[in-house]
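Observations on chain architecture
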Number of protein chains: 2
Amino acid sequence: MPLISTRGSRMPESPIRKLVPYAESAKEKGVLVYHLNIGQPDIKTPDLVLDQMRQLDRTIIEYSHSAGFASYREGLVQYYKSNNINVGAEEILISTAGSEAILFALLSCMNEGEEIIIPEPFYTNYSGFAEIAGVIVRPITTKIEDGFALPEISAFEEVINRKTKAIMICNPNNPTGCLYSREELESLKKIVLQHNLYLISDEVYREFCYDGKEHFSALNLEGIDQHTILVDSVSKRYSMCGARIGMLISKNKDIMRTALKYAQARLSPPTFGQIAAESALDTPASYFEEVAKEYVKRRDFVINALNKMKGVFCPTPSGAFYTIARLPIDDCDSFCQWLLEEFTYNNATVMLAPASGFYATQGLGKDEVRIAYVLNIDDLGKAMECLERALEEYPGRKDKNEPVGINH
Amino acid sequence: MPLISTRGSRMPESPIRKLVPYAESAKEKGVLVYHLNIGQPDIKTPDLVLDQMRQLDRTIIEYSHSAGFASYREGLVQYYKSNNINVGAEEILISTAGSEAILFALLSCMNEGEEIIIPEPFYTNYSGFAEIAGVIVRPITTKIEDGFALPEISAFEEVINRKTKAIMICNPNNPTGCLYSREELESLKKIVLQHNLYLISDEVYREFCYDGKEHFSALNLEGIDQHTILVDSVSKRYSMCGARIGMLISKNKDIMRTALKYAQARLSPPTFGQIAAESALDTPASYFEEVAKEYVKRRDFVINALNKMKGVFCPTPSGAFYTIARLPIDDCDSFCQWLLEEFTYNNATVMLAPASGFYATQGLGKDEVRIAYVLNIDDLGKAMECLERALEEYPGRKDKNEPVGINH
């Protein structure tokens, strides 16, 4: 029997999805599981999108152009314009969700063995795509005490070497909820120019900015047009994660030409998803306003509840719908598994994402979890009650007077 | 400005899709283009699939499990059973079309620099996925004179070395239309066992077998369960290429575990596509019978028309909906471009796929084209008329008394 590949063994298992079998077992036993572990919002997909699908007038579900429907790309030009981002249709490639855009970006600008700097904690699947592309992730640690703000330029300079080819950010950030300021981005620009790097900016949570703060896109950094690659997706924007439609955007023609070759190999992005995503362009502003209002309510509720729990610390995020909380626990992986395997309160439990999986540096984040506040306030209330009880009962609890985890 | 990656420059452009701009120009000039260049059938997607989409009762288009809907995987078990293939749901992973299944298969069983043997001419995007995975394609040439049958075992033995890790076949074959016999597959089994290789079998054209010949699946080769990986797709089966739903199937648990990690990195296959594909399982046998009847009619028409043209040779394929024809031309790439740029007959022209792009060995296939007989008989008739005229007018025509191309 032949062996699987070495890289296949090395490929990281999703730290979020690896707990799924435990959740399934819990559910089989009749336990109610509150899912705060995954960015699957309970927000409804806009009605106009679902109506569009119900009016499907095609008789053949054909391939599209490898770069996506021309009409959709034109429509996106308007969407970006209304978000103060000027791009042409030829600077947009429709991908199979943000995931594929990330992979195409890495393959197009980096060779095997080259390095990419990513502030950690970061979206865990970046590691998976880096592994597929054979590129090396050099993390720069951001800290819960600073609300996970971008580190000083010097922190980047420390890891930059001749193999460094790119910096990747997620803004607003998954998993921290941190929204980077224009000033933070201007600092990045300096580094990018000085070291001739690519800047890959994942902005899939663009619409999720709170407290009157505005999103500043990496594409609006002047003078680094040729360095910047935007990764985008409709998944969170219109609560249609299953559509699997994203975008790779760049003003660098060589990058677009190269990305198109990767796109041609897989023929086309999903046709149904493109029909849905194109219709979603007509989503009224009121939809986003209501969604943002709802998330602010949820965020405030969750952050407040968390910080009231003994030994828990959680900064207030300004974007996305995640937060990282520090808990008085020995090990977040054991804790999250224990929650599903051994704990119930009122015949319910809560599923969280261990934050260790979002750090590339071994040993970091062991007392942190990512919480996606994607449930309604009522369920969030019950989930927080569950969590509070769980922290009291958990055998691996650290007393607040004892050292708690590595970040202390 | 940073450079694109070396591998990005090396990534092959799709030989089929690279002609698209010329086709677009022709259309802009008002020329009717008969598309025989791409496997986009004009056959209707089954009504029950489109009806299912129109009855969409979801309010949120959510992620699915990374391996796909459990219900769909269960449904597929029945589909395969009715095709005499016994697999369990846990041996099936739903992928984003066959494309992703190919990539996951290569990544799971091969390391960078290892070699895979593929009979050429082969589906051109295998090269693209091999490039992404950093694996080396070792082609074994099949010949138009033999109807592109699999070569003798000795031909495989000649290229096998310690880096050889897998053999990949497409059966029925794209681009040749060749349907491999059970005997040919049994020969492959011997090689696979003797050299401890993986056998990746792309069987997306399973339903397209003609003249009473039956498809024999690689999964039914006894004793190589742990070596065999099946790549499948709904694209051609139900004429829904745009759904982007495929499958990776193996009884090798390590492969399935590894493939699942790649699947987790991209979260989930398309939800709309899965809804469509699951409903397609109820497609009545009569649909396939009618489709097969239609393709046999088209095949017979095209093969007959081609072989009547002066200097043209074309074997009769037993499967899929492609054929490779040898034409009296100097260079298929120039010819296909010339057809779109310079030639018209009755204000129409024909778009073909240059066969050179299906050969990994440089210089082969220069006087061959792939023809997808995916249009109705009436259009095929006009397209064949166009082609015959074009061959007469083409400045690079070779006289039948002169040597024609490298295969002579």
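Residues numbered from 1 in each chain as written. Chains lettered and ligands numbered in written order. Predicted model: local features only at pLDDT ≥ 70, side-chain atom pairs only at ≥ 80, totals over all residues. Heavy atoms only, no water.

1. So, helix 13 (residues 377–393) of chain B
The terminal C-alpha atoms of helix 13 of chain B lie 24 Å apart, and with 17 residues this matches the ideal 24 Å at 1.5 Å per residue to within 8%. Those residues of helix 13 of chain B that are buried are in contact with strand 1 (32–35), helix 11 (285–308), helix 12 (332–341), strand 10 (348–351) and strand 12 (368–372) of chain B. (Helix = DSSP H or I, 4+ residues; strand = E, 2+ residues; numbered from the N terminus. Expected span 1.5 Å × (residues − 1). Contact = heavy atoms within 4.5 Å.)

2. Points about the pattern of salt bridges
Residues and elements named next belong to chain A. Within the structure shown, the criterion is met by 45 salt bridges over all chains. Glu-91 is the salt-bridge partner of Lys-251, the closest N and O atoms lying 3.0 Å from each other. Highlighted residues: Lys-251 in the loop between strand 8 (246–249) and helix 9 (253–265) and Glu-91 in the loop between helix 4 (70–82) and strand 2 (92–95), separated in sequence by 160 residues. Across the pair Arg-237 and Asp-232 runs a salt bridge, and its minimum N-O distance is 2.6 Å. Considered together, Arg-237 and Asp-232 belong to a single accessibility category, that of buried residues. One salt-bridge network, held together by shared partners, links Glu-203, Arg-206, Glu-207, Asp-232 and Arg-237. (Salt bridge = Lys/Arg side-chain N within 4 Å of Asp/Glu carboxyl O. Buried < 20%, exposed > 50% of the residue type's maximum accessible area, 1.4 Å probe, protein only.)

3. Let's talk about unusual backbone geometry
Residue A:Pro121 is reached from A:Glu120 by a cis peptide bond, and omega for that bond is 0°. In this structure, B:Pro172 follows B:Asn171 across a cis peptide bond, with omega equal to -5°. On the secondary structure map, B:Pro172 appears in the loop between strand 5 (164–170) and helix 8 (182–195). The phi angle at A:Ser239 is positive, at roughly 50°, despite the residue not being glycine. Here A:Ser239 is to be found in the loop between strand 7 (228–233) and strand 8. With a relative accessible area of 1%, A:Ser239 lands in the buried category. The phi angle at A:Ala320 is positive, at roughly 55°, despite the residue not being glycine. Within the fold, A:Ala320 resides in the loop between helix 11 (285–308) and strand 9 (322–326).

4. Let's talk about the interface of chain B and chain A
The partner chain A presents 82 residues to the 82 residues of chain B that form the contact. Note on chain B versus chain A: buried area summed over both sides is about 6900 Å², and carbon and sulfur give 55% of it. On the chain B side of the contact with chain A, B:Arg7, B:Arg17 and B:Tyr63 bury the most area, a combined 12% of that side's loss. Where chain B touches chain A, the interface holds two salt bridges. A salt bridge links B:Arg7 to A:Glu112; the nearest nitrogen and oxygen atoms lie 3.7 Å apart. Counting every contact that joins chain B to chain A gives 50 residue pairs in polar contact (both at pLDDT 80 or more). With seven residues, the top contributor of residues to the side of chain B that touches chain A is helix 9 (residues 253–265) of chain B. The residue makeup of the side of chain B that touches chain A, split by class, is 37 nonpolar, 28 polar and 17 charged. (Buried area = accessible area lost by both parts, 1.4 Å probe. Polar contact = N/O pair within 3.5 Å; in protein donor to acceptor, adjacent residues only side chain to side chain. Nonpolar A, V, L, I, M, F, W, Y, C, P; charged D, E, K, R; others polar.)

5. Quick look at the side chain of A:Asn173
All names here are of chain A. In this fold, Asn-173 is placed in the loop between strand 5 (164–170) and helix 8 (182–195). Overall, Asn-173 belongs to the buried group, its relative accessible area being 3%. For Asn-173, the side chain forms a polar contact with the main-chain oxygen of Cys-170, separated by 3.1 Å. Polar side-chain contacts of Asn-173 include one of 3.1 Å to the side chain of Thr-176. Contact partners of Asn-173, with chain neighbours within four places excluded, come to Pro-121, Cys-178, Tyr-180, Ala-320 and Tyr-322.

6. Quick look at the nonpolar core
Residues A:Phe335 and B:Phe335 are the most contacted members of the largest nonpolar core, which totals 172 residues. Not counting the four nearest positions on each side in its chain, A:Phe335 is found in contact with A:Leu327, A:Ile329, A:Leu352, A:Leu387, A:Ala390, A:Leu391 and A:Tyr394. Core analysis: the next-biggest nonpolar cluster, separate from the first, contains 140 residues, A:Ile38, A:Leu103, B:Leu107 and B:Phe156 among them. (Core = buried A, V, L, I, M, F, W, Y, C linked by side-chain atoms within 4.5 Å.)

7. Some details on the sheet that holds strand 12 (residues 368–372) of chain A
Backbone hydrogen bonds hold the strands of a sheet together, and the pairing may be parallel or antiparallel. All names here are of chain A. The strand order 9-12-11 describes an open sheet built from three strands, whose pairing is antiparallel. The open sheet has two edge strands with one neighbour each: strand 9 and strand 11 (353–354). Sheet topology note: the strand 9/strand 12 ladder contains five bridges and is antiparallel. Across the sheet, the residue bridging to Ile-324 is Arg-370, located in strand 12. (Pairing = 2+ DSSP bridges.)

8. Remarks on the state of the cysteines
Residue and element names in this part refer to chain B. Counted by the stated rule, this structure contains zero disulfides over all chains. In this structure Cys-241 is not part of a disulfide, and its nearest cysteine sulfur, from Cys-170, lies 14 Å away. You can see Cys-336 has no disulfide; the closest cysteine sulfur is in Cys-332, sitting 6.0 Å from it. Cys-336 gets classed as buried once you look at its relative accessible area, which sits at 1%. (Disulfide = S-S within 2.5 Å.)

9. Examining the packing of helix 10 (residues 271–280) of chain A against helix 10 (residues 271–280) of chain B
The contact between helix 10 of chain A and helix 10 of chain B brings their axes to 7 Å, and the two run at 130°. Between helix 10 of chain A and helix 10 of chain B, the angle is such that the two are oblique. Considering how the two elements wind past one another, helix 10 of chain A and helix 10 of chain B form a crossing that is right-handed. Between helix 10 of chain A and helix 10 of chain B, the contacting residues are A:Phe272, A:Gly273 and A:Ala276 on the first element and B:Phe272, B:Gly273 and B:Ala276 on the second. Tallied by class, the residues present in the contact of helix 10 of chain A with helix 10 of chain B amount to four nonpolar, two polar and no charged. (Axes fitted to C-alpha atoms, helices over the stretch in contact; angles between N-to-C directions. Parallel < 35°, antiparallel > 145°, perpendicular 65-115°, else oblique. Left-handed = near helix turned anticlockwise from the far one by under 90°.)

10. Observations concerning the sheet that holds strand 4 (residues 136–141) of chain A
Residues and elements named next belong to chain A. If you trace the seven strands from one edge of the open sheet to the other, you get 2-8-7-6-5-3-4, paired in mixed fashion. Both edges of this open sheet fall to strand 2 and strand 4, since each of them pairs with a single strand only. On average, each strand axis in the sheet is tilted by 25° relative to the strand beside it, whichever way the strands run. Summarising the sheet, strand 7 and strand 8 pair through four bridges and their orientation is antiparallel. Among the inter-strand pairings, Ser-233 is bridged to a residue of strand 8, identified as Gly-246. Contacts between helix 8 and the sheet are confined to strand 5 and strand 6 (198–202), with strand 5 contributing the most and set at about 170° to the helix.

11. Comments concerning the domain arrangement of chain A
All names here are of chain A. Its domain assignment divides chain A into domain 1 (6–44 + 286–393) and domain 2 (47–280). Using C-alpha coordinates to define each centre, domain 1 is positioned 25 Å away from domain 2. Taken residue by residue, the interface counts 39 residues in domain 1 and 34 residues in domain 2. Contact between domain 1 and domain 2 buries roughly 3000 Å² in total, counting both sides, with carbon and sulfur atoms accounting for 62%. For domain 1, the biggest contributors to the area lost against domain 2 are Phe-288, Ser-318 and Phe-358; these three give 19% of the whole. Counting every contact that joins domain 1 to domain 2 gives three salt bridges. Between the two partners, domain 1 and domain 2, sit 16 residue pairs in polar contact (both at pLDDT 80 or more). Residue assignment for the side of domain 1 that touches domain 2 shows that the elements contributing at least two residues are helix 1 (6–10), helix 11, strand 9 and strand 12. Sorting elements by how many residues they give to the side of domain 1 that touches domain 2 places helix 11 first, with seven residues. Looking at the side of domain 1 that touches domain 2 residue by residue, the class counts come to 25 nonpolar, seven polar and seven charged. (Domains from an automatic or database assignment.)

12. Things to note about the relation of the copies chain B and chain A
Of the two same-sequence chains, chain B is brought onto chain A (RMSD 0.0 Å, axial shift 0.0 Å) by a rotation of 180°. The two molecules are tied by a two-fold rotation axis, judged by turn and shift. Looking at the rotation axis and the C-alpha trace of chain B, the residue lying nearest is B:Arg54, at 1.9 Å. Comparing interface residues between copies, 100% of those in chain B also lie at the interface in chain A; the contact surface is shared. (Least-squares fit on C-alpha atoms with pLDDT ≥ 70 in both.)

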